[in-house]
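Secondary and tertiary structure notes
Each chain, written out:
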Amino acid sequence: MNHQSLGYKGNKQSLPVKQCVVCERPMSWRKKWAQNWDEVKYCSDACRKLTKHRETQ
Ligand SMILES: [Zn+2]
């Protein structure tokens, strides 16, 4: 046992996760995002519409 094994879970749940920029909830990789995962910022259309009020950042 070494310390590097801590925090690494060698299971199947290694799909990428990112945070929605609006609601800040973690969202798991989805197959429909396979082509544009880097561009995905919102967990849903609802959040994507909400961001229009926050575009000042
Ligand atoms: Zn969201």
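Reference entry: report on the structure contained in this document. (Residues numbered from 1 in each chain as written. Predicted model: local features only at pLDDT ≥ 70, side-chain atom pairs only at ≥ 80, totals over all residues.)

With respect to the overall build of the chain
Using the following cut-off: Helix and strand labels come from DSSP, where a helix needs a run of H or I of at least four residues and a strand needs a run of E of at least two; each type is numbered from the N terminus. Counting other C-beta atoms within 10 Å of a residue's C-beta gives its exposure: the residue is buried at 20 or more, exposed at 12 or fewer, and partly exposed in between, where C-beta atoms are placed from the backbone. Here, residue contact means that the backbone-derived C-beta atoms of the two residues sit within 7 Å.
Looking only at helices and strands, the chain has 1 helix and 2 strands in total. Ordering the α and β elements of the chain from the N terminus gives β-β-α. Every one of the 57 residues in the chain was classed for burial, and the buried ones make up 2%. Partitioning the contacts of the chain with sequence separation of at least 6, the portion at a separation of at least 24 is 20%.

Points about the environment of Leu 15
Positionally, Leu 15 belongs in the segment before β1 (17-19). Look at Leu 15 and you get exposed, because 9 C-beta atoms sit within 10 Å. Considered as a pair, Leu 15 and Ser 28 are 13 residues apart in the sequence and their alpha carbons are 6.9 Å apart. Excluding residues within four positions of it along the chain, Leu 15 makes contact with Ser 28 and Trp 29.

Some thoughts on the environment of Lys 49
For Lys 49, the location among the structural elements is in helix α1 (residues 45-50). As a C-alpha pair, Lys 49 and Val 22 span 27 residues in sequence and 9.6 Å in three-dimensional space.

Thoughts on unusual backbone geometry
At Glu 24, a residue that is not glycine, the phi angle is positive and equals roughly 65°. Here Glu 24 lies in the loop between β1 and β2 (26-28). A count of 9 C-beta atoms within 10 Å places Glu 24 in the exposed class.

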